[in-house]
Amino acid sequence: ASFWIGSSWIMMNRLWEHVKRINRKVAWWNLLFLFALSFMPYATGIVSSNFNNALAQAVYGIVVIATSICSLISYKVLDAPNSDSSILLEETKKYRKILLIDIIIKCIALVLAVTVYPQCMMYCVLTAAGYLQIAKLVIQRPKKNAQ
């Protein structure tokens, strides 16, 4: 859980280097992101004590998906007050594409966890975390100038 929280924090901080202005929507979505994120230690505790339980895995999945959705929307609402920052707009667009795939993976895992294989939620969250790390490295890689 702490690796996932730290990774989310690093991803968010990278974008905030380019933020010049915020509005009320930005503040509220970031507050909701932090609120959802605050449930991670509890959800992780529940699932670690009841790893084979579909309900425990579902609680964990809902918290993870809610956090990811709030993060995705936070990246979107940053665009409006910073519409003059092409760097930020490009970065938020990249991160939203990454997060959309991440959320799809987690939603599929949630369905599988409550219907067929409870442990699928945790395994898919780990898979999604690996995907996020690789995707972030790819988009953060410096572009080679065409000569």
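What counts, and where the lines are drawn
Residues numbered from 1 in each chain as written. Predicted model: local features only at pLDDT ≥ 70, side-chain atom pairs only at ≥ 80, totals over all residues. Heavy atoms only, no water. Helix = DSSP H or I, 4+ residues; strand = E, 2+ residues; numbered from the N terminus. Rg over C-alpha atoms; globule rule 2.2 N^0.38 Å. Axes fitted to C-alpha atoms, helices over the stretch in contact; angles between N-to-C directions. Parallel < 35°, antiparallel > 145°, perpendicular 65-115°, else oblique. Left-handed = near helix turned anticlockwise from the far one by under 90°. Contact = heavy atoms within 4.5 Å. Nonpolar A, V, L, I, M, F, W, Y, C, P; charged D, E, K, R; others polar. Phe/Tyr/Trp six-rings, centres within 6.5 Å; stacked < 30°, edge-to-face > 60°. Buried < 20%, exposed > 50% of the residue type's maximum accessible area, 1.4 Å probe, protein only. Arc of directions from axis to C-beta. Core = buried A, V, L, I, M, F, W, Y, C linked by side-chain atoms within 4.5 Å. Expected span 1.5 Å × (residues − 1).

Enquirer: Explain the overall build of the chain to me, please; I cannot follow it from the model alone.
Expert: When its secondary structure is counted, the chain shows 6 helices and 0 strands. Counting helices and strands in the order they occur from the N terminus, the chain gives α-α-α-α-α-α. Relative to the compact-globule value of 15 Å for 147 residues, the chain shows a C-alpha radius of gyration of 16 Å, a close match. Projecting the C-alpha coordinates of the chain onto the three principal axes gives extents of approximately 50 × 40 × 25 Å.

Enquirer: Help me understand the packing of helix α2 (residues 24–37) against helix α4 (residues 54–77) in this model?
Expert: As a packed pair, α2 and α4 sit with axes 8 Å apart at the nearest point and diverge in direction by 160 degrees. When the axes of α2 and α4 are compared, the pair comes out roughly antiparallel. Remark: the crossing between α2 and α4 carries left-handed chirality. Together, Lys25, Val26, Trp29, Asn30, Leu32, Phe33, Ala36 and Leu37 of α2 and Val63, Ala66, Thr67, Cys70, Ser71, Ile73, Ser74 and Val77 of α4 make up the contact between the two elements. Residues that form the contact of α2 with α4 fall into these classes: 11 nonpolar, 4 polar and 1 charged.

Enquirer: What is the right way to read the packing of aromatic side chains from this model?
Expert: The way to describe two aromatic rings as a pair is by their centre distance and the angle between their planes. The full count for this structure, using the stated rule, is 4 aromatic pairs. Measuring from centroid to centroid gives 5.0 Å for Phe35 and Phe39, while their planes differ by 90 degrees, and the two rings are edge-to-face. Counting every residue linked through ring pairs, the aromatic cluster contains Phe51, Tyr117 and Tyr123.

Enquirer: Where do I start with helix α3 (residues 40–49) in this structure?
Expert: Residues spaced three or four apart along an α-helix face the same direction, because each turn holds 3.6 residues. Along α3, the positions that sit buried rather than exposed are Met40, Ala43 and Val47. An end-on view of α3 places all buried positions within 70 degrees of arc, on one side of the element. Exposed residues pointing more than 90 degrees away from the buried face of α3 are listed as Tyr42, Ser48 and Ser49.

Enquirer: Looking at this model, I keep getting lost on the nonpolar core. Mind explaining?
Expert: Across soluble globular proteins, you tend to see nonpolar side chains buried next to one another. Core analysis: the largest hydrophobic core is formed by 36 residues, its most contacted members being Met40, Tyr60, Tyr75, Tyr95, Leu99 and Met121. Mapped onto this core, the elements with two or more residues apiece are α1 (2–16), α2, α3, α4, α5 (86–115) and α6 (120–140). Among the elements that make up this core, the one with the highest residue count is α4 (9 residues).

Enquirer: Would you explain the environment of Lys76 in this entry?
Expert: Of note, Lys76 is situated in helix α4. Lys76 sits in the partly exposed class, given a relative accessible area of 47%. Considering only alpha carbons, one finds Lys76 and Tyr95, 19 residues apart in sequence, at a separation of 9.5 Å.

Enquirer: Any chance you could explain the packing of α5 against α6 here in plain terms?
Expert: Each packed pair of helices is defined by two parameters, the angle between the axes and the distance between the axes. Packing of α5 against α6 brings their axes to within 9 Å, and their N-to-C directions diverge by 170 degrees. Between α5 and α6, the interaxial angle falls into the category roughly antiparallel. Per-class residue counts for the contact of α5 with α6 are 17 nonpolar, 1 polar and 5 charged.

Enquirer: Explain α6 here, please?
Expert: The end-to-end C-alpha distance of α6 is 30 Å, a good match for the 30 Å that 21 residues give at a rise of 1.5 Å each. Those residues of α6 not exposed but buried are Cys120, Met121, Met122, Cys124, Val125, Ala128, Ala129, Leu132, Ala135, Lys136 and Ile139.

As far as function goes, none of this settles anything; it's purely spatial.
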